[in-house]
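Examining the three-dimensional arrangement
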Amino acid sequence: PTAAYVHLPFCKRRCHYCDFPIVALGESSSNAGSTMESYVDLVCQEIAAERSPSRGALQTVFFGGGTPSLIPIPLLQRIIQALEAKHGFSRDAPMEISMEMDPGTFSRDYLTEAIQSCGINRVSLGVQAFDDDLLKLCGRSHCLDDVFQSIEWIKDSLQNWSLDLISSLPHHTLASWRKSLEQAIAASPAHVSIYDLQIEQGTKFGNLYKPGMDPLPSDDDSAEFFKLGSSMLREAGYDHYEISNYARKGFQCRHNLVYWKNQGYYAYGLGSTSFVDGKRVKRSKRMREYAKFVEALAAGSPVLPESLEGSRTEAVLPESVEDRILDTVMLALRLAEGIDLRRFEAEFGSELAGILCDGLAEFVASGNVVFLDASRECTAERAGAVYGRLTDPNGFLVSNEIISRLFCLV
Amino acid sequence: MAAPNFSRRQDHAKLWHRIQQLGQCTKFPVSLIRNFSIIAHIDHGKSTLADRLLELTGTIQKGKGQPQYLDKLQVERERGITVKAQTATMFYDLKNEDDGSSEQYLLNLIDTPGHVDFSYEVSRSLAACQGVLLVVDATQGIQAQTVANFYLAFEANLTIIPVINKIDQATADPERVKAQLKTMFDLEPEDALLTSAKTGQGLSEVLPAVIKRIPPPTGRCHLPLRMLILDSYFDEYRGVICNGAVVDGSIKKGDRIASVATGQTYDVLDTGILHPELTSTGMLQTGQVGYLIAGLKATQEARVGDTMHHANVSVEALPGFKPAKHMVFAGIYPADGSDFEALAQAMERLTCNDASVSATKETSAALGIGFRCGFLGLLHMDVFHQRLEQEFGAQVIATAPTVPYIFEFQDGSCSKLNVQNPALLPSQPAQKIVSAMEPVVVATIITPSEHVGALITLCSDRRGEQLEFSYIDSQRALLKYRLPLREVVVDFYSVLKSITSGYASFDYDDDGYQEADLVKVDVLLNGQAVDALSTIVHQAKSVRTGREIVDKLKKVLDRQMFEVTIQAAVGSKVIARESISALRKNVLAKCYGGDVTRKRKLLDKQKEGKKRMKRFGSVDIPQEAFHDLLKQ
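Residues numbered from 1 in each chain as written. Chains lettered and ligands numbered in written order. Predicted model: local features only at pLDDT ≥ 70, side-chain atom pairs only at ≥ 80, totals over all residues. Heavy atoms only, no water.

Labelled according to an unreviewed UniProt entry, chain B appears under the name Translation factor GUF1 homolog, mitochondrial, originating from Selaginella moellendorffii. According to the UniProt record, the Subcellular location (unreviewed entry) comment for chain B is "Mitochondrion inner membrane". (UniProt positions renumbered as here; feature names shortened; annotations may be inferred.)

Under an unreviewed UniProt entry, the name given to chain A is Radical S-adenosyl methionine domain-containing protein 1, mitochondrial, and the organism recorded is Selaginella moellendorffii. Listed in UniProt under the heading Function (unreviewed entry), the comment for chain A reads: "May be a heme chaperone, appears to bind heme. Homologous bacterial proteins do not have oxygen-independent coproporphyrinogen-III oxidase activity. Binds 1 [4Fe-4S] cluster. The cluster is coordinated with 3 cysteines and an exchangeable S-adenosyl-L-methionine." Entered under Sequence similarities (unreviewed entry) in the UniProt record, the comment concerning chain A runs "Belongs to the anaerobic coproporphyrinogen-III oxidase family. HemW subfamily."

Looking only at helices and strands, one finds 15 helices and 18 strands in chain A. Buried residues in chain A amount to 57% of all 410 residues. Pairs at least 24 apart in sequence give 69% of the contacts found in chain A among residues at least 6 apart. A total of about 16,900 Å² of accessible surface is found on chain A, and carbon and sulfur atoms cover 49% of it. (Helix = DSSP H or I, 4+ residues; strand = E, 2+ residues; numbered from the N terminus. Buried < 20%, exposed > 50% of the residue type's maximum accessible area, 1.4 Å probe, protein only. Contact = heavy atoms within 4.5 Å. Areas by Shrake-Rupley, 256 points an atom, 1.4 Å probe, with all protein chains shown as cover.)

The secondary structure content of chain B amounts to 14 helices and 33 strands. Looking at the 632 residues of chain B, the share that counts as buried comes to 56%. When the accessible area of chain B is evaluated, it comes to approximately 26,500 Å², of which 50% is carbon and sulfur surface.

A word on the packing of helix H1 (residues 32–48) of chain A against helix H10 (residues 287–298) of chain A. Residues and elements named next belong to chain A. Packing of H1 against H10 brings their axes to within 9 Å, and their N-to-C directions diverge by 35°. As for the relative orientation of H1 and H10, their crossing is left-handed in sense. Two secondary-structure elements touch here, H1 through Tyr-39, Leu-42, Val-43, Gln-45 and Glu-46 and H10 through Met-287, Tyr-290, Ala-291, Phe-293, Val-294, Leu-297 and Ala-298. (Axes fitted to C-alpha atoms, helices over the stretch in contact; angles between N-to-C directions. Left-handed = near helix turned anticlockwise from the far one by under 90°.)

Across its 12 residues, helix H11 (residues 321–332) of chain A extends 16 Å between first and last C-alpha, which sits within 8% of the 16 Å expected from 1.5 Å per residue. The set of residues buried in H11(A) consists of A:Ile325, A:Leu326, A:Asp327, A:Thr328, A:Val329, A:Met330, A:Leu331 and A:Ala332. (Expected span 1.5 Å × (residues − 1).)

This brings us to the pairing of strand S12 (residues 273–276) of chain A. Residues and elements named next belong to chain A. Here S12 shows no split at all, with Thr-273 and Phe-275 on one side and Ser-274 and Val-276 on the other all buried. By the bridge criterion, 4 bridges tie S12 to strand S13 (residues 279–282) in an arrangement that is antiparallel. Its bridge partner being in S13, Phe-275 is matched across the sheet by Arg-280. Counting the residues between successive antiparallel strands, the hairpin from S12 to S13 contains 2 residues, one of them, Asp-277, with a positive phi of roughly 55°. (Pairing = 2+ DSSP bridges.)

Backbone-to-backbone hydrogen bonds join strands into a sheet, with any given pair of strands oriented parallel or antiparallel. Read across the sheet, 4 strands follow the order S15-S18-S16-S17 (chain A) without closing on themselves; strand pairing throughout is antiparallel. Since the sheet does not close on itself, it has two edges, and those belong to strand S15 (339–340) and strand S17 (378–379) of chain A, each with one partner.

We now examine the packing of aromatic side chains. Counted under the stated rule, the structure contains 30 aromatic pairs over all chains. Judged by centre distance (6.3 Å) and plane angle (55°), the rings of B:Tyr405 and B:Phe407 are tilted. Pair check on accessibility: B:Tyr405 and B:Phe407 agree, each one buried. A connected cluster of aromatic rings, assembled from ring pairs, spans A:Tyr195, A:Tyr241, A:Tyr259, A:Trp260, A:Tyr265, A:Phe275 and B:Tyr592. (Phe/Tyr/Trp six-rings, centres within 6.5 Å; stacked < 30°, edge-to-face > 60°.)

All names here are of chain B. Residue alternation in strand S32 (residues 613–616) divides its side chains into a buried set, Lys-614 and Phe-616, and an unburied set, Met-613 and Arg-615. Pairing between S32 and strand S33 (residues 619–622): 4 bridges, direction antiparallel. Following the sheet pairing, Lys-614 is matched in S33 by Ile-621.

To continue, consider the interface of chain A and chain B. Counting residues at the interface gives 43 residues for chain A and 26 residues for chain B. Note on chain A versus chain B: buried area summed over both sides is about 3,500 Å², and carbon and sulfur give 53% of it. Counting every contact that joins chain A to chain B gives 7 salt bridges. B:Arg600 is paired through a salt bridge with A:Asp323; the nearest N and O atoms lie 2.9 Å apart. The interface formed by chain A and chain B holds 17 residue pairs in polar contact (both at pLDDT 80 or more) in total. Contributions of two or more residues to the side of chain A that touches chain B are made by strand S8 (191–196), helix H8 (219–235), helix H9 (254–260), H11, helix H14 (394–397) and helix H15 (399–409) of chain A. Ranked by residue count, the leading element in the side of chain A that touches chain B is H15(A), at 9 residues. In terms of residue class, the side of chain A that touches chain B is made up of 17 nonpolar, 11 polar and 15 charged. (Buried area = accessible area lost by both parts, 1.4 Å probe. Salt bridge = Lys/Arg side-chain N within 4 Å of Asp/Glu carboxyl O. Polar contact = N/O pair within 3.5 Å; in protein donor to acceptor, adjacent residues only side chain to side chain. Nonpolar A, V, L, I, M, F, W, Y, C, P; charged D, E, K, R; others polar.)

So, about unusual backbone geometry. In this structure, A:Gly66 follows A:Gly65 across a cis peptide bond, with omega equal to 15°. The step from A:Asp392 to A:Pro393 runs through a cis peptide bond, and the omega angle for that step is 5°. Looking at where A:Pro393 falls in the secondary structure, it is placed in the loop between strand S18 (387–390) and H14. Unlike most non-glycine residues, A:Ser168 shows phi in positive territory, near 60°. Here A:Ser168 lies in the loop between strand S7 (161–167) and helix H6 (174–187). For B:Asn157, which is not a glycine, the phi torsion comes out positive at approximately 65°. On the secondary structure map, B:Asn157 appears in the loop between helix H5 (144–155) and strand S5 (159–165).

A few words now on the environment of B:Thr279. Residues and elements named next belong to chain B. Examined against the element boundaries, Thr-279 turns out to sit in strand S13 (residues 278–280). Residue classification places Thr-279 among the buried positions, given a relative accessible area of 5%. Residues Thr-279 and Tyr-291 lie 12 residues apart in sequence; the distance between their C-alpha atoms is 8.8 Å. Polar contacts involving the side chain of Thr-279 include one to the main-chain carbonyl oxygen of Glu-277, which spans 2.9 Å.

This part takes up the nonpolar core. Considering soluble globular proteins, one finds that nonpolar side chains tend to be buried as a cluster. A:Phe63, A:Ile71, A:Ile79, A:Leu83, A:Phe130, A:Leu163 and A:Leu165 are the most contacted members of the largest nonpolar core, which has 71 residues in total. Not counting chain neighbours up to four residues away, the residues in contact with A:Phe63 comprise A:Val6, A:Leu8, A:Pro68, A:Leu76, A:Ile79, A:Ile80, A:Ile97, A:Ser98, A:Met99, A:Glu100 and A:Ile120. Among the nonpolar cores identified, the runner-up in size contains 55 residues, and A:Tyr5, A:Tyr265, A:Leu326 and B:Met561 belong to it. (Core = buried A, V, L, I, M, F, W, Y, C linked by side-chain atoms within 4.5 Å.)

Let us look at the packing of H15(A) against helix H13 (residues 596–611) of chain B. Axis separation between H15(A) and H13(B) bottoms out at 8 Å; the angle between their running directions is 70°. Relative to H13(B), H15(A) is oriented roughly perpendicular. Handedness of the crossing formed by H15(A) with H13(B): right-handed. Together, A:Asn400, A:Glu401, A:Ile403, A:Ser404, A:Arg405, A:Phe407 and A:Cys408 of H15(A) and B:Arg600, B:Leu603, B:Asp604, B:Gln606, B:Lys607, B:Lys610 and B:Lys611 of H13(B) make up the contact between the two elements. Taken together, the residues that form the contact of H15(A) with H13(B) break down as 4 nonpolar, 3 polar and 7 charged. (Parallel < 35°, antiparallel > 145°, perpendicular 65-115°, else oblique.)

Per the stated rule, a full pass over the model turns up 43 salt bridges over all chains. Several salt bridges share partner residues, and in doing so they unite A:Arg280, A:Asp323, A:Asp327, B:Arg600 and B:Asp604 into one network.

Turning our attention to the environment of A:Asp220. The residue A:Asp220 is located in helix H8 in this model. Contact partners of A:Asp220, with chain neighbours within four places excluded, come to B:Arg559 and B:Arg584. Only 3.0 Å separates the side chain of A:Asp220 from the side chain of B:Arg559, close enough to count as a polar contact.

Moving on: the environment of B:Ser427. For B:Ser427, the location among the structural elements is in the loop between strand S22 (416–419) and strand S23 (432–448). Once residues within four sequence positions are removed from consideration, B:Ser427 is found in contact with B:Lys520, B:Asp522 and B:Gly571.

On to the sheet that holds strand S1 (residues 3–8) of chain A. Residue and element names in this part refer to chain A. Read from one edge to the other, the open sheet built from 9 strands follows the order S9-S10-S8-S7-S6-S5-S4-S1-S11, with strand pairing classed as mixed. At either end of the open sheet lies a strand with only one pairing partner, and these are strand S9 (239–242) and strand S11 (266–268). For this sheet, the mean inter-axis angle between neighbouring strands, taken without regard to orientation, is 20°. Pairing analysis gives 3 bridges linking S9 to strand S10 (residues 245–247), with the strands arranged antiparallel. When the sheet's bridge partners are listed, His-240 is paired in S10 with Tyr-246. Along the sheet face, H8 touches S8, S9 and S10 and points at about 10° away from the line of S10.

Attention shifts here to helix H7 (residues 206–213) of chain B. Burial analysis of H7(B) places 6 of its 8 residues in the buried class, which makes it a mostly covered element. Where H7(B) is concerned, the buried positions are B:Val206, B:Leu207, B:Pro208, B:Ala209, B:Val210 and B:Ile211.

Here is the structure:
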């Protein structure tokens, strides 16, 4: 793999919709520093113990969270150094080192340091909403002023940054959503991610709200929000390159593309999942068990489910051909590029490629799928089709229906 | 059937010893045998009385075993009803009051189902009896099934001993019941026995009355063997077991016997009595009721009502039973469309056990391959369905029950079409329909008089024709109506129960066919008919029925990727319409490295859901929707 994900789970507090593996530090935690330090020790240990060192150097690194921007610069530096020492950083292509940052958690100096001494060259800013009431309702630890402040600092030092928004929040209306989009566009980021709010069990929102029920917008309204996002951002010059992601030309997130193209990636840290040598390994969400896992790894135990007993780490066996087929279909259809039919045929055979094409063709008449030729022009001719993709926005909106239908066939 | 526990096995050993000692079971002359049955309206205490008699004779031990001893099926225990007739042999010493001596009698108690649907089983049991105990609840008096069962026994020329039960209850009014017995059945008040199966009061009178009043069987010992097959079932360890009554002659282990119906011959491997578990005696004599194991391969070979005889002696067949008349039909399909083989196996074994069900293979575009089954009534259908699931672990979908219609077409020769499955009636027939006939029944309702008005309204709403309206005493009325069977099978009984707070009782009897203005209601999804949902109703009810189905369907169907139109139509005329707007959104917003496995699982689950769906043109219907839709 040429991509590495590092999970930095610390947050000031847990947001009301979040079911991620995070560690909430509390607003005034006195020993936060040492907690983070011992965690970074573990992560560095895990990186050093990696069994499948990169055959080529890393091209992308992604710090996700949690709130990575809570990690002190020296600790961040240590992780970067560990990664470079283990895998090397690519010199052929420019490195992409992304970091998720939350407004209100970092200073201008912190940002400068991150860029200059850690090599961070892409920031993903968790704005989520342009409305103080909504931010409060979501349990975010920042306010709207923090948002504008952060945007200003980031724009002063970086071009490659993403603005992350959540749609279909409680009380969202088409009008208020349009306003958020306008403000996002006005901030002029290189990249925008829009996540439709998912109500997860066990979260505060999960206890309070039922999907599609007041005060959450109805499914029909959510569909309208998605369409509005798609049309406004495209008009503003963004390419809707993945179901939830928009980018100006040249600013797609290279790291995330690795996932969608079903390529391998390393992962380090609590609750993270790696995909190396066709095998997905999901680390425990519990700190103590994750520590056990790292210990076993460092001691040289084989990374197999039985030897990881007690560490609650799930190591799945190398993916079967069927898994690879399904993963490929599921992930590729998230992209505007669509699924590369010739590559699919080369990898899985012409019979299966034919079945896939037939399955996709069922959705052409309803306007949810289009076939594209080699020059990415729409084609009605199945024979000349090189790509099959979901249409934007209608095909994307019902992607689960289409993908699960295709799953029935292939 | 539950395996006998250890103590019961000990009892068996004791009994076996007793039989050996006396060498007796085979020595009971016909004059010391009585075969009788207990008949009653549901819940009047028939099964409890049977339990008490079994205890009284030491056939089962008091407090041991389960209550409702003879109700062996799980469904019987759960519903507190008897579905399948069972037999038990008891020994009873009758004291001679004059000289204090006593004589031992062999009594065969043949338990019967009480519900209207199972009157077929009742008449089968009665064929082996010379008398009955007609049990009537002292608090409720004569009810509709009391009437029906009385006439079954009366027409079979059996001795009827009225037993007024539950006399310990505060509201018991035995005098009133005696008066009813006199007015309705001309049974003398002084002949009635008063009992409480609960407290034991009056029970000691019952068996002496059975012995004194009911005549012994009429068969002759010296004539060649004729054994009437009453029932048969398949036992996993012992193969086909037949229950039967030896009418003439005797049968013993090792005999070579033959069936009149099939001509097949068999060796008797074992025979004996039901005491109440199978108890081998090696022989059955004239007048006895017991079991027979003769290496039959399938229960189909053991036709109920068949006569078994010695292979080298030809005999005249005993009058069998009129074949069961199927009043209600429904399609039965595997819930998971693919599992037809498992269903077929379960069906085969259950129909072996319940000869009153007919089953023929049929195919539905909606539900795949399944069976069209004929039942004696709705309860019978429910019970069969429940037994399939409980005893055979088969998950099934049953289509809405229908009744057998006859349509006559004008095509030169006036061809007739029997329709047991509405889907098979052409929606827009090429030939003109000359006549449409629907089955009708005569229903007897006994009700507290204050509910008469509501019941008359109900019956006329159900297209009923009043035949009789009388009072059986100052508080109770008897209503007789001719009603279309279709109107009865749907929900008549539950509505009747609810408007009379459960105080009215109801029974019906087949009364042939009548001409009716019948139409077929088709259900269409985006213009395509769903065969499993079509139904035949009276013209006047078609709009109401169509509306109901359409509304129900709208509730159970998921949104699809396009708008779905649901229509109910008679021929080409749409009588009800609804639509389900297109699915707008089903998308997973986030999918990054750590999410892949989780999202895959989610989509795999959706895929499994999709695989269970049936496709109509472009519309997917989940199998569960049919389940919800067709659930009564």
